[in-house]
Amino acid sequence: NTHITASGDISSSANIYAADYYASGQKVRPNLYWFGVCDAVTLAANDNLGAFPSTDVSVVSFLATTLTSDASVFTLSSDEVTITRAGVYKFTYNVLLEIGAGSNRTEGAIGILRDGSRSSTYNRLAAGGVSRMAGSVSMFIDVAVDDSFYIGFYKEEHQTSNTQLQTVPSGTTWTIEAVT
């Protein structure tokens, strides 16, 4: 048996195995993550009804409040996260939407989009007498080098076109964690 003692960061260009797991072939999970909190109210694109991937889709703002374990793996620009390392990642979001203007029923769709095309299912939510609605999803996505992701939403339906849908920053978060 060989023992390695290190004080500081350890890096490897190959897989690292924990002694107790080596016999069963279990790899140590990489400790790579990115976390963002919505930093500003994002308004629905306009009064029209939208559709993924790009018809009147609003991109949720995450520019100011983020935390990452490795800025060389996760980069944030124009509310898109680019991942420079291939692998399987767990994406989790909670997006809180509210009716910001108007008082009629409206529905919203929320989704994670990859490089301009939908990468996941979306939540379709309806608000009538309640003015807020949340969409939460966790999913695994196989990521290629330099894939970019963003969270978008749009108005799915409405009773009147003046009903404005918008994010609630304090209830909107996004986490990305490396699995492999």
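None of the values given here were measured: they were computed from a predicted structure.

Draft legend 1. Representation of the side chain of Q166. If you trace the backbone, Q166 turns up in strand β12 (residues 164-167). Relative accessible area serves as the criterion here: at 12%, Q166 is assigned to the buried category.

Draft legend 2. Region of the structure containing the environment of T75. Within the secondary structure, T75 is located in strand β4 (residues 74-77). Its relative accessible area of 35% is what places T75 among the partly exposed residues. Measuring from C-alpha to C-alpha, the distance between T75 and W34 comes to 9.0 Å, with 41 residues separating the pair along the chain. In contact with T75, not counting residues within four places along its chain, are E80, V81 and T82.

Draft legend 3. Fine view of the packing of aromatic side chains. Enumeration over the complete set of coordinates arrives at five aromatic pairs. The interplanar angle of 55° and the centroid separation of 5.4 Å between the aromatic rings of F62 and W174 together place this pair among those described as tilted. With a gap of 112 residues between them, F62 in the loop between β2 (58-59) and β3 (65-68) and W174 in strand β13 (residues 173-178) connect regions that are remote in the sequence. Per residue, the accessibility class of F62 equals that of W174, and both read buried. Look at F91 and F149: their rings are 4.7 Å apart centre to centre, the planes differ by 50°, and that puts the pair in the tilted class. With F91 in strand β6 (residues 87-101) and F149 in strand β11 (residues 147-158), the pair connects residues that are 58 residues apart, well separated along the chain. For F149, a relative accessible area of 0% corresponds to the buried category. Through pairs of rings, three or more aromatic residues link up here, namely W34, F62 and W174.

Draft legend 4. Main features of the nonpolar core. If you look at the biggest cluster of nonpolar residues, it comprises 29 residues, and the most contacted ones within it are I83, F91 and W174. Contributions of two or more residues to this core are made by β5 (80-83), β6, β7 (106-114), β10 (132-143), β11 and β13. If we skip the residues at most four places from it in the chain, W174 touches W34, F35, G36, F62, V81, F91, T92, Y93, I112, F149, Y150 and I151. One finds F52, V57, L113 and Y154 within the second-largest nonpolar core, a separate group that totals six residues.

Draft legend 5. Geometry of a nonpolar patch on the surface. On the surface, Y33, F35 and L67 cluster together into a nonpolar patch covering about 250 Å² of accessible area. Positionally, F35 belongs in strand β1 (residues 33-37).

Draft legend 6. Molecular detail of the pattern of salt bridges. Under the definition given, this model contains one salt bridge. As a salt-bridge pair, D147 and R114 come within 3.0 Å of each other at their nearest N and O atoms. Of the two residues, D147 sits in strand β11 while R114 sits in strand β7, which places them 33 residues apart along the sequence.

So, how was this worked out
Residues numbered from 1 in each chain as written. Predicted model: local features only at pLDDT ≥ 70, side-chain atom pairs only at ≥ 80, totals over all residues. Heavy atoms only, no water. Helix = DSSP H or I, 4+ residues; strand = E, 2+ residues; numbered from the N terminus. Buried < 20%, exposed > 50% of the residue type's maximum accessible area, 1.4 Å probe, protein only. Contact = heavy atoms within 4.5 Å. Phe/Tyr/Trp six-rings, centres within 6.5 Å; stacked < 30°, edge-to-face > 60°. Core = buried A, V, L, I, M, F, W, Y, C linked by side-chain atoms within 4.5 Å. Patch = residues over 30% accessible without salt bridge, like charges linked within 9 Å, V, L, I, M, F, W, Y side chains within 5 Å. Areas by Shrake-Rupley, 256 points an atom, 1.4 Å probe, with all protein chains shown as cover. Salt bridge = Lys/Arg side-chain N within 4 Å of Asp/Glu carboxyl O.

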